[in-house]
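Chain by chain, the residues:
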Amino acid sequence: MNPILNQLQEFTREPKIAYFSMEIGIANDIPTYSGGLGVLAGDTIRSGADLKLPMVAVTLLSKKGYFTQEIDERGRQTEQPTLWEPSKYMTLLPSKVYIQIEDREVAIQAWLYVVKSLTGGSIPVFFLDTDVEGNSPDDKELTSYLYGGDQAYRLKQEIILGIGGVKMLHELGFEIKKYHMNEGHASLLTIELLLRYKRPIEDVWDERLVWDVTRVRDICVFTTHTPVEAGHDKFSYDLILKVMGELIPLSVMRELGGDDSLNMTLLALNLSEFVNGVAKKHGQVSQSMFPGYEISAITNGVHTYTWTCDSLKRLYDKYLPGWANEPELFVRVGRIPDDELWAAHMEAKKVLIDFVNIETNAGMDYETLTIGFARRATAYKRPDLIFSDIERLEKIATGKIQIIYSGKAHPRDDHGKWLIEKIHVIKERLKGKIKMAYVKNYDMEKALKLVSGVDVWLNTPLRPREASGTSGMKAAHNGVMNFSILDGWWIEGHIEGFTGWAIGPSPTESMLSNNIEEMDKRDAEDLYNKLENIIIPMYYTDRHTWIRMMQNAIGKNAYYFNSHRMMRRYVTEAYIR
Ligand SMILES: *Cc1c(COP(=O)(O)O)cnc(C)c1O
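Since this is a predicted model, take the numbers as computed values, not measurements. (Residues numbered from 1 in each chain as written. Predicted model: local features only at pLDDT ≥ 70, side-chain atom pairs only at ≥ 80, totals over all residues. Heavy atoms only, no water.)

Novice: What is the right way to read the overall build of the chain from this model?
Specialist: Broken down by element type, the chain carries 21 helices and 19 strands. Its C-alpha radius of gyration of 24 Å places the chain within 12% of the 25 Å reference for a compact globule of 577 residues. Taking the principal axes of the C-alpha coordinates as reference, the chain spans close to 80 × 50 × 45 Å. Relative to its full complement of 577 residues, the chain shows a buried share of 61%. Of the contacts formed within the chain by residues at least 6 apart in sequence, a portion of 71% connects residues at least 24 apart. Working note: accessible area of the chain is about 22,700 Å², and carbon and sulfur atoms make up 50% of it. Averaging the locations of the 68 positively and 78 negatively charged side chains of the chain gives two centres separated by 4 Å. (Helix = DSSP H or I, 4+ residues; strand = E, 2+ residues; numbered from the N terminus. Rg over C-alpha atoms; globule rule 2.2 N^0.38 Å. Buried < 20%, exposed > 50% of the residue type's maximum accessible area, 1.4 Å probe, protein only. Contact = heavy atoms within 4.5 Å. Areas by Shrake-Rupley, 256 points an atom, 1.4 Å probe, with all protein chains shown as cover. Lys, Arg positive; Asp, Glu negative; His and termini not counted. Charge placed at Lys NZ, Arg CZ, Asp CG, Glu CD.)

Following this line, the structure appears as structure tokens:
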């Protein structure tokens, strides 16, 4: 028998938890992710495999990726498809399933990638693909672009993921005991489950009872990631009827997903027994957005081994053997001698600075306090907050800091693109005073270089819009100091002057202000004050305290904000109930 099919049969032997995500960051050269959500999904699966959890994962192939970013000398972003060859990494399976789209039958095939852990655990990941012979040219493109196209394209992708995904798992012979929806993109899987568990009409006294909502709820788990109303996917019922048809009666759909349009978050909330936000604060914010639902919180984590750079890996191997599969061992970080910790950090810093100089010609050096800011380029992340008062920044920091940026703007996010241009303009203006670089095509590999090679990781989101944030956790794994707004995970990880520094007021205080300009001003003021009076002086004149804080970031933050802890919480609070 074909070894792959043999392996597949092995996987179907025990019941699984099925993890559904529109994007998954499996590896750097598999471009099926756009940012934090996809990288989290990858870390979820990597920790799941390490812990030998009985899981499978389902996602879309995204054959042309998210996009490849070009930036011209003025900072203008353009996008190209990212071409990659799935057959280099995964195996195409012979099985096919079919879904209805606009009255056509669309065939879906799946590619198998197996995430293997050194512990012996492994998790199969199925990448759904509509580039199947017999499908129309347009339908073949439905799994090409991650977050591409219009509303109809998005809806079709969500039908493929949710409905096609459940069908595929069934076709491959899996028995699924829990379905975990990573964000509302996967919510349509509940519709396929309702159809599967439909009771015969002659068994019920009210025809609405053919839909066994309780049974579906019992096996569904939903994680929401979006703390703002506009972030939730919604589709008009006209579009639903046109694209998906009336798979279940419209009246039932409206009851479950909202009266005026189908809200994917609401659909998942109504059909999941366990619902969670991705940090404590985000759980509360979500709870107030959806009163009447019970929303818990499981704070995100990052995969410890993936997000530790080589020089620190060697150090941890020496002083904390077993750390990668037991991040709790970071509690003993104090055993690492100061000079060795600093040397390992400087090694990571050299790797980054050399890379940035080759990529951008920025002429950065190893000695200057280096600040990193890299993530999706979009308005709420406020990448320009540090430039609110350029003259003040020049006064405080000329010759004392250098700043490295990276990040893509979504092709339709004009404000995000404008921010990239703005940073390029400021880069020119600060020439000869503060060295700056913008590294294009942010991805997982560049993220690791950045979060380990800078001295300070800066994050300045507008509260409460950072549901969790995970890049700061990656920084902590490498002993890099966080300097961040108190939002998302940092509310839980921050101890002032101990694990890092806060920017701006406490979360309770900041909730009192609805005035964005006022908030920007207060935050920038605090940023400048701490940079001038605490961070720059400590870096150059009190290395001892700085290294103590690096240890605290590892011993307190990496110790806790890792995906091993996160997955154990999912198991005990969501999967086994
Ligand atoms: C970790 C990561 C992110 C998430 O960054 P945040 O600052 O938490 O938004 C985005 N993109 C890539 C490539 C990452 O590795």
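There is more to say, and it comes next.
Novice: It is not clear to me how the pattern of salt bridges should be interpreted in this structure. Could you clarify?
Specialist: For side chains of opposite charge, pairing can occur when their charged atoms come near one another. In this structure the tally under the stated criterion is 39 salt bridges. Residue Glu-10 is joined to Arg-13 by a salt bridge in which the shortest nitrogen-to-oxygen separation is 3.5 Å. Given a relative accessible area of 46%, Glu-10 falls into the partly exposed group. As a salt-bridge pair, Arg-392 and Glu-525 come within 3.3 Å of each other at their nearest N and O atoms. On the criterion of sequence distance, the pair formed by Arg-392 in helix α13 (residues 390-397) and Glu-525 in helix α19 (residues 516-541) is long-range, its members being 133 residues apart. Because the salt bridges share partners, they merge into one network encompassing Glu-102, Arg-104, Asp-139, Lys-156 and Lys-242. (Salt bridge = Lys/Arg side-chain N within 4 Å of Asp/Glu carboxyl O.)

Novice: What's the story with empty space enclosed by the protein in this structure? I'm lost.
Specialist: Remark: the empty space left among the atoms is shown by a probe the size of a water molecule rolled over them. Per the stated rule, a full pass over the model turns up 4 cavities of 30 Å³ or more. Its boundaries defined by the atoms lining it, the largest cavity holds a volume of some 60 Å³. Around the largest cavity sit 13 residues that line it, and Phe-373, Arg-375, Ala-377, Pro-383 and Tyr-438 are the ones nearest its centre. Put simply, the parts of the chain that give the lining of the largest cavity at least two residues each are β15 (401-406) and α14 (414-429). Per element, the largest residue contribution to the lining of the largest cavity is 3 residues, and it comes from α14. Size it by volume and the second largest cavity reaches roughly 50 Å³. For the second largest cavity, the full set of lining residues is Tyr-19, Leu-40, Thr-44, His-180, Asn-182, Thr-223, His-225, Met-566, Met-567, Tyr-570 and Tyr-575. (1 Å grid on protein atoms, 1.4 Å probe; cavity = no way out; pocket = protein on both sides within 12 Å on 5 of 7 lines; lining within 4 Å. Points joined across faces, edges and corners; volume = space filled by probe spheres on them.)

Novice: Even after reading the chapter, I still don't get the pairing of strand β3 (residues 68-71), so can you show me in this structure?
Specialist: Regular strands place side chains that alternate from one sheet face to the opposite one. Every second residue of β3 is oriented toward a common face, the buried set being Gln-69 and Ile-71 and the non-buried set Thr-68 and Glu-70. Sheet topology note: the β3/strand β4 (residues 77-80) ladder contains 4 bridges and is antiparallel. Residue pairing across strands places Thr-68 opposite Gln-80, the latter belonging to β4. Here β3 folds back onto β4 in antiparallel fashion, the turn holding 5 residues, of which Gly-75 has a positive phi close to 90 degrees. (Pairing = 2+ DSSP bridges.)

Novice: Would you mind showing me how to read the sheet that holds strand β8 (residues 176-182) here?
Specialist: Spatial strand order, β5-β6-β7-β2-β1-β8-β9-β12-β13: 9 strands in an open sheet with mixed pairing. Either end of the sheet is taken by a strand with one partner, and the two such strands are β5 (91-101) and β13 (296-297). The sheet contact formed by strand β2 (residues 55-60) and strand β7 (residues 122-129) spans 4 bridges and is parallel. Looking at β7, one finds that Leu-60 is bridged to Leu-128. Strands in contact with helix α2 (residues 36-50) are β1 (16-21), β2, β6 (104-116), β7 and β8; relative to β7, the strand with the most contacts, it is inclined by about 145 degrees. The strands touched by helix α5 (residues 189-196) within the sheet are β1, β8 and β9 (220-223), with β8 carrying the most contacts at an inclination of about 155 degrees. (Axes fitted to C-alpha atoms, helices over the stretch in contact; angles between N-to-C directions.)

Novice: Mind showing me how you'd approach the site of the ligand here?
Specialist: Among the 14 residues in the neighbourhood of the ligand, the closest are listed as Arg-375, Lys-381, Thr-470, Ser-471 and Lys-474. Measuring from an oxygen atom of the ligand, one finds a side-chain N or O atom of Lys-381 at 2.7 Å. In the environment of the ligand, an oxygen atom lies 2.7 Å from a nitrogen or oxygen atom belonging to the backbone of Thr-470. Surface burial for the ligand is 95%, taken as the share of its 390 Å² of free accessible area covered by protein chains. Mapped by element, the contributors of at least two residues to the shell around the ligand are α2, α15 (444-453) and α16 (471-477). By residue class, the composition of the shell around the ligand is 5 nonpolar, 5 polar and 4 charged. Composition of the shell around the ligand by domain shows at least three residues from each of domain 1 (3-301 + 566-575) and domain 2 (318-561). (Near = heavy atom within 4 Å. Polar contact = N/O pair within 3.5 Å; in protein donor to acceptor, adjacent residues only side chain to side chain. Nonpolar A, V, L, I, M, F, W, Y, C, P; charged D, E, K, R; others polar. Domains from an automatic or database assignment.)

Novice: Even after reading the chapter, I still don't get the nonpolar core, so can you show me in this structure?
Specialist: One recurring pattern in soluble globular proteins is that nonpolar side chains are buried together. Residues Phe-20, Phe-126, Leu-169, Phe-174, Tyr-179, Leu-188 and Leu-189 are the most contacted members of the largest nonpolar core, which totals 74 residues. Ranked by residue count, the leading element in this core is helix α4 (residues 151-171), at 10 residues. Apart from residues lying up to four places away in sequence, Leu-188 is in contact with Leu-155, Glu-158, Ile-159, Gly-162, Ile-163, Met-244, Leu-262, Met-264 and Leu-267. Residues Ile-396, Ile-420, Leu-430 and Tyr-528 belong to the second largest nonpolar core, which totals 59 residues. (Core = buried A, V, L, I, M, F, W, Y, C linked by side-chain atoms within 4.5 Å.)

Novice: Looking at this structure, I do not really get the domain arrangement of the chain. What am I missing?
Specialist: The accessible area lost on association of the parts is a frequent measure of interface size. When cut into domains, the chain gives domain 1 (3-301 + 566-575) and domain 2 (318-561). Centre-to-centre, using C-alpha coordinates, domain 1 lies 32 Å away from domain 2. Each partner contributes residues to the interface: domain 1 has 37 residues there, and domain 2 has 35 residues. Across the domain 1/domain 2 interface, buried area totals approximately 3,000 Å², and carbon plus sulfur atoms make up 54% of it. Of all residues in domain 1, Asn-28, Gln-69 and Lys-281 bury the most surface against domain 2, accounting for 20% of the area lost on that side. Inspection of the domain 1/domain 2 interface yields 3 salt bridges. (Buried area = accessible area lost by both parts, 1.4 Å probe.)

Novice: So what exactly am I meant to see when it comes to the packing of α2 against helix α21 (residues 563-575) here?
Specialist: Relative orientation and spacing of two packed helices are given, respectively, by the angle between their axes and the distance between those axes. At a closest axis distance of 9 Å, the pairing of α2 and α21 adopts a crossing angle of 80 degrees. As the angle between them shows, α2 and α21 are arranged roughly perpendicular. Contacts between α2 and α21 involve Leu-40, Asp-43, Thr-44, Ser-47, Gly-48 and Asp-50 from the first element and Ser-563, His-564, Met-566 and Met-567 from the second. Taken together, the residues that form the contact of α2 with α21 break down as 3 nonpolar, 5 polar and 2 charged. (Parallel < 35°, antiparallel > 145°, perpendicular 65-115°, else oblique.)

Novice: Got a minute to help me understand the packing of aromatic side chains in this structure?
Specialist: Two aromatic rings are characterised by how far apart their centres lie and by the angle between their planes. Scanning the model with the defined rule gives 21 aromatic pairs in all. An angle of 50 degrees between the planes, with centres 6.1 Å apart, marks the rings of Phe-20 and Tyr-179 as tilted. Of this pair, Phe-20 sits in strand β1 while Tyr-179 is found in strand β8, placing the two residues 159 residues apart along the sequence. Since its relative accessible area comes to 0%, Phe-20 is described here as buried. Looking at Tyr-179, the relative accessible area reads 6%, which means it is buried. An angle of 70 degrees between the planes, with centres 4.8 Å apart, marks the rings of Trp-489 and Phe-561 as edge-to-face. Of this pair, Trp-489 sits in the loop between β18 (481-485) and α17 (490-493) while Phe-561 sits in the loop between α20 (543-560) and α21, placing them 72 residues apart in sequence. Both residues of the pair, Trp-489 and Phe-561, count as buried. These aromatic residues form a ring-pair network of at least three members: Trp-342, Phe-483, Trp-501, Tyr-539, Tyr-540 and Trp-546. The ring of Tyr-197 carries Arg-215 above its face, with NZ or CZ at 3.9 Å from the centroid. (Phe/Tyr/Trp six-rings, centres within 6.5 Å; stacked < 30°, edge-to-face > 60°. Lys NZ or Arg CZ within 6 Å of the ring centre and 35° of its normal.)

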